[in-house]
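Chain by chain, the residues:
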Amino acid sequence: MLPSYYEFYSPVKIISGMKALDNLPYELEQLGASRPLIVSDRGVSDAGLVEFVIDAFSESAVSIGAVFDAVPPDSSLQAVREAAVAFRANGCDSIVAVGGGSVIDTAKGANIVITEKSDDLARFAGAELLKKPMKPLVVIPTTAGTGSEVTLVTVIKDTARNVKMAFTSYHLMPKAAILDPRMTLTLPPRITAATAMDALTHAIEAYICLQKNPVSDAFAFSAIELIRDNLIYVVKEGKNPEGRLALLNAACLAGIAFSNSMVGMVHALGHACGGVAGIAHGVAMSIFLPHGLEYNRHKAGDRIARLLLPLAGPRVFAQTPPEEMISQSISEIRRLQEELHRLTGLPRTLKEAGVAPDRLEQIAETAIGDGSVVFNPEEMDRDDALKVLQKAYQ
C-alpha cells in the first residue's frame, strides 16, 4: 500500500566503473573546485589507495592542497577538528574523502565546522540544524557497506562522553560518489563480510521501517539482490573486480534507500554498542539483524515476508508457503550469518564479539536515546532493548 505522503531526494552524482576514479579531476572542476583536501586513514594510505587518487591528478589543472590521513577507526571530534585545521591551513576549497565510514563521517564533520566557522561540532547534532551550503565533497569509498557516499547522515564519536552523535541534513550529502573496484580489491574477507552486512541491514531496515516508500523500496530490493548474488563469492575471491563493483553498487543503493526511509532498532542498538563497547558497526549490524526482524515480525510481518524474494530468489519464494515466509526470511539471514562466520570468523553473538555482559544495561539505555528508534515499526523501551541484547549475547 502506498503511503499517504512521502518525499524522495537523491542528488548525489554516481560515477561507477572499472576506472571511474579517473573522472575525479573533471568532477571537481565541474564543481568549481581546484584545491581539494584529501581525507583518509593510515590503513587506506598504507595500502597505496591514496596514491591511486593522487595519480588521477597527474594531467589535471586541479592541485591537491593537502592530505590528512589520521582518521581513527571510529570518527571522533578530535579527528574532525584536525581535518578542519588542515583544510584551513592549506587554503583548500573542497574535500575528497577516500575511505570507509569513519573517513567519510570525518570529512562530513569537518565540512560542518569549516562551513559554520565553529569548532563546536556538538552544537549541530540532530536533524536539519545546518542551514548553509557546504564545501564541495566527493567521496571515494574503500569499503562496500556504509553507503555514506550518498547519505545525509554522519556519526561522530564523542570519546569524552563515550557516545556517538548523529547529524542529519540534506546539506551533508556529497556532490559525487565514485565507485571504483580498484579501491576495494585489498579489503580482507572479514571486513568485506562485515561491511556488506552493514549494507544489507541498511536495505532491510529501509524496507521495513515506518518511512518506507515505493522508490526507496526499489533501491533496497536491488541492493539485497546484489549482496545475495555476490557476497559469498567475493569473500572467497576477493580480487574479482566485477564482484567488488557489485558490492560497491549494493552499498550505494542501500545508502540511497535508507537516506530516504531511515533505519530502525538494529541501528539504534548498533550505534549504542559502538559507543559503549567499541564494537565495529558492521559487526554489530550482522549480530543484531535477525534479532531485529524477530522483534518486528508482529508489526512488519508482511514486509519481512516479502523480503524473502530478494533474500532467497524467486524459486525459494514461490515454493515457500505464505505462513512460513517470515520465518524463512529470518532463516536466510541466519544462514548467511553462519556462512560468514565459517569463512571469516565474523561474530554471531555479542559474546563472540567480546562485549562484557555487564555493559548490556548501559547499551540498552543508550540505544533508546538513538534517533533511529523513532522509525522502527515496533516501539522499543529500555527493557525491550535489554531483552534483545540478552538474546544477542548468547
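Residues numbered from 1 in each chain as written. Predicted model: local features only at pLDDT ≥ 70, side-chain atom pairs only at ≥ 80, totals over all residues. Heavy atoms only, no water.

Asks: An account of the overall build of the chain is requested, with residue identities and associated values reported.
Replies: What the chain contains, in helices and strands, is 15 helices and nine strands. In terms of overall size, the chain behaves like a compact globule, its C-alpha atoms giving a radius of gyration of 20 Å where 394 residues would be expected to give roughly 21 Å. Burial analysis of the chain (394 residues in total) assigns 58% to the buried set. A fraction of 79% describes how many contacts in the chain between residues 6 or more apart in sequence connect residues 24 or more apart. Accessible surface, the chain as shown: approximately 15,800 Å² in total, 52% of it carbon and sulfur. Positive and negative charge centroids in the chain, built from 37 and 45 side chains respectively, lie 1 Å apart. (Helix = DSSP H or I, 4+ residues; strand = E, 2+ residues; numbered from the N terminus. Rg over C-alpha atoms; globule rule 2.2 N^0.38 Å. Buried < 20%, exposed > 50% of the residue type's maximum accessible area, 1.4 Å probe, protein only. Contact = heavy atoms within 4.5 Å. Areas by Shrake-Rupley, 256 points an atom, 1.4 Å probe, with all protein chains shown as cover. Lys, Arg positive; Asp, Glu negative; His and termini not counted. Charge placed at Lys NZ, Arg CZ, Asp CG, Glu CD.)

Asks: Requested: an account of the layout of surface pockets, with residues and values cited.
Replies: Here the second largest pocket is characterised by a volume of approximately 210 Å³. Contributing to the lining of the second largest pocket are 14 residues, with Tyr-170, His-171, Met-173, Pro-174 and Lys-175 lying nearest its centre. Class assignment of the residues belonging to the lining of the second largest pocket gives a composition of ten nonpolar, two polar and two charged. (1 Å grid on protein atoms, 1.4 Å probe; cavity = no way out; pocket = protein on both sides within 12 Å on 5 of 7 lines; lining within 4 Å. Points joined across faces, edges and corners; volume = space filled by probe spheres on them. Nonpolar A, V, L, I, M, F, W, Y, C, P; charged D, E, K, R; others polar.)

Asks: I'd like to hear about the pairing of strand 8 (residues 163-168), residue by residue, with values.
Replies: Of the pairings in the sheet, the one linking strand 5 (residues 126-127) to strand 8 comprises two bridges and is parallel in character. Within strand 8, the position partnered with Gly-126 by the bridge is Phe-167. Note that strand 7 (residues 153-158) and strand 8 share six bridges and pair antiparallel. Looking at strand 8, one finds that Thr-154 is bridged to Phe-167. Following strand 7, the chain reverses through four residues before pairing antiparallel with strand 8; Asn-162 in that reversal takes a positive phi of roughly 60 degrees. (Pairing = 2+ DSSP bridges.)

Asks: Would you mind going over the packing of helix 4 (residues 77-89) against helix 5 (residues 101-116) in detail, with residue names and values included?
Replies: Running from amino to carboxyl end, helix 4 crosses helix 5 at an angle of 60 degrees, the nearest separation of the two axes being 8 Å. For the pair helix 4 and helix 5, the crossing hand works out as right-handed. In contact with Ala-79, Val-80, Ala-83, Ala-84, Phe-87 and Arg-88 of helix 4, helix 5 contributes Thr-106, Gly-109, Ala-110, Val-113 and Ile-114. Across the contact of helix 4 with helix 5, the residue classes break down as eight nonpolar, two polar and one charged. (Axes fitted to C-alpha atoms, helices over the stretch in contact; angles between N-to-C directions. Left-handed = near helix turned anticlockwise from the far one by under 90°.)

Asks: Give me the sheet that holds strand 8: which residues, what numbers.
Replies: Strands sit in the order 5-8-7 across an open sheet of three strands; the sheet is mixed. Looking along the sheet, the strands with just one partner apiece sit at the ends: strand 5 and strand 7.

Asks: Mind laying out the environment of Pro-310, listing which residues take part and the relevant values?
Replies: As for its placement among the helices and strands, Pro-310 is situated in helix 11 (residues 308-312). Relative accessible area serves as the criterion here: at 0%, Pro-310 is assigned to the buried category. It is 9.7 Å that separates the C-alpha atoms of Pro-310 and Asp-229, two residues lying 81 residues apart in sequence. Not counting chain neighbours up to four residues away, the residues in contact with Pro-310 comprise Phe-221, Ile-224, Glu-225 and Arg-228.

Asks: Requested: an account of the side chain of Thr-151, with residues and values cited.
Replies: Within the secondary structure, Thr-151 is located in the loop between strand 6 (137-141) and strand 7. A relative accessible area of 0% means that Thr-151 is categorised as buried. At 3.0 Å, the side chain of Thr-151 forms a polar contact with the side chain of Lys-108. Within the local environment of Thr-151, its side chain forms a polar contact with the backbone oxygen of Val-153, the two atoms lying 3.5 Å apart. Sequence-distant contacts of Thr-151, that is, excluding residues within four places in its chain, are made with Lys-108, Leu-172, Met-173, Pro-174, Gly-255, Phe-258 and Ser-259. (Polar contact = N/O pair within 3.5 Å; in protein donor to acceptor, adjacent residues only side chain to side chain.)

Asks: Pulling in residues and values, what's your account of helix 14 (residues 360-367)?
Replies: Three or more residues of helix 14 are buried, namely Leu-360, Ile-363, Ala-364 and Ala-367. Viewed end-on, helix 14 has its buried residues packed into an arc of 100 degrees, placing them on one side of the element. Its buried side turned inward, helix 14 meets helix 9 (265-277) and helix 15 (382-393). (Arc of directions from axis to C-beta.)

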